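Observations on chain architecture
Listed below, chain by chain, are the residues.
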Amino acid sequence: MSGERELPSGPGGFLGPVEPGEGTWTPLVLRPEPPPERPPRLLSRRQKYLLASFLLIAALGLTIAHAANHPEQAANSPPPHQQLPPFPSQSTRFQYGGPAPRYQDSFALRLTVRNTGPAAVDVLGVSQGYPGLTVRVSGWLPQTVPPGTAIELRVGLEVTDCSGAPADATLPFLDVTLRNTRAMETVSQILGDAYARDLSAALHSACDGTDYRTPATTP
């Protein structure tokens, strides 16, 4: 056919690139990059609650086990390094040291105060129960008794009213007010037979010339 162009054939012939037909173009679609992955949550709220409960139960169990293995330490309050000293009445001893110079008093005695405890003890006051006798302590009060030491007080007794003093002091006592870091106490001390004899002799000397005497009393 004279109107048609023949395509070369044979070993020397070639075909050009095939062009798409009309209406056959495919649009280019650009795909967006995937969003970055969110970091995983370590623990949820419920997991945190369960973990806290477990730790609390474990701590409680360790505390109970420690108390069971050390019952003495668990029962002590406060801890050993904060233990309070004994009451002053438990660590203080009194001893009659014999008569002292009277001066203006009807009778005077030497009173030894010894502190056997681990803490200092203050002597705040000395008194007695007979209304006809007045007590005076020479020097000053309070006085401090360091641990493991003793001090001597001069205690003067003056008869102010023979009607309020006993005829014979069979069991005379002194009330001593003490204080340490734990407590303040007033303790009554009977100082023995020697003190009773010396005080009775002083009372007879001061009041035998009057009829206004009270019978002997026992505290």
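Residues numbered from 1 in each chain as written. Predicted model: local features only at pLDDT ≥ 70, side-chain atom pairs only at ≥ 80, totals over all residues. Heavy atoms only, no water.

Details of the side chain of S91
- Within the secondary structure, S91 is located in helix α3 (residues 88-91).
- When sequence neighbours within four positions are dropped, the list of residues in contact with S91 reads P86, R114, N115, T116, G117 and V121. (Helix = DSSP H or I, 4+ residues; strand = E, 2+ residues; numbered from the N terminus. Contact = heavy atoms within 4.5 Å.)

Looking at the sheet that holds strand β5 (residues 143-145)
- What the four strands build is an open sheet, ordered β5-β3-β7-β8; its pairing is antiparallel. Looking at the sheet topology across the chains shown, the edges are occupied by β5 and β8 (184-190). On average, adjacent strands in this sheet sit at an angle of 35° to one another, irrespective of strand direction.
- In terms of strand pairing, strand β3 (residues 121-127) meets strand β7 (residues 173-179) through five bridges, oriented antiparallel. For V123, the partnering residue across the bridge sits in β7 and is L178. (Pairing = 2+ DSSP bridges. Axes fitted to C-alpha atoms, helices over the stretch in contact; angles between N-to-C directions.)

Some remarks on the nonpolar core
- In this structure, F94, F107, L109, L111, V113, L191 and Y195 are the most contacted members of the largest nonpolar core, which totals 31 residues.
- Where this core is concerned, the elements lending two or more residues are β1 (92-99), β2 (107-115), β3, β4 (133-137), β6 (150-159), β7 and α4 (193-207).
- When residues no more than four places from it in sequence are discounted, the contact partners of L191 are F94, Y96, L109, L111, P172 and L174. (Core = buried A, V, L, I, M, F, W, Y, C linked by side-chain atoms within 4.5 Å. Buried < 20%, exposed > 50% of the residue type's maximum accessible area, 1.4 Å probe, protein only.)

In short, geometric facts, not functional conclusions.
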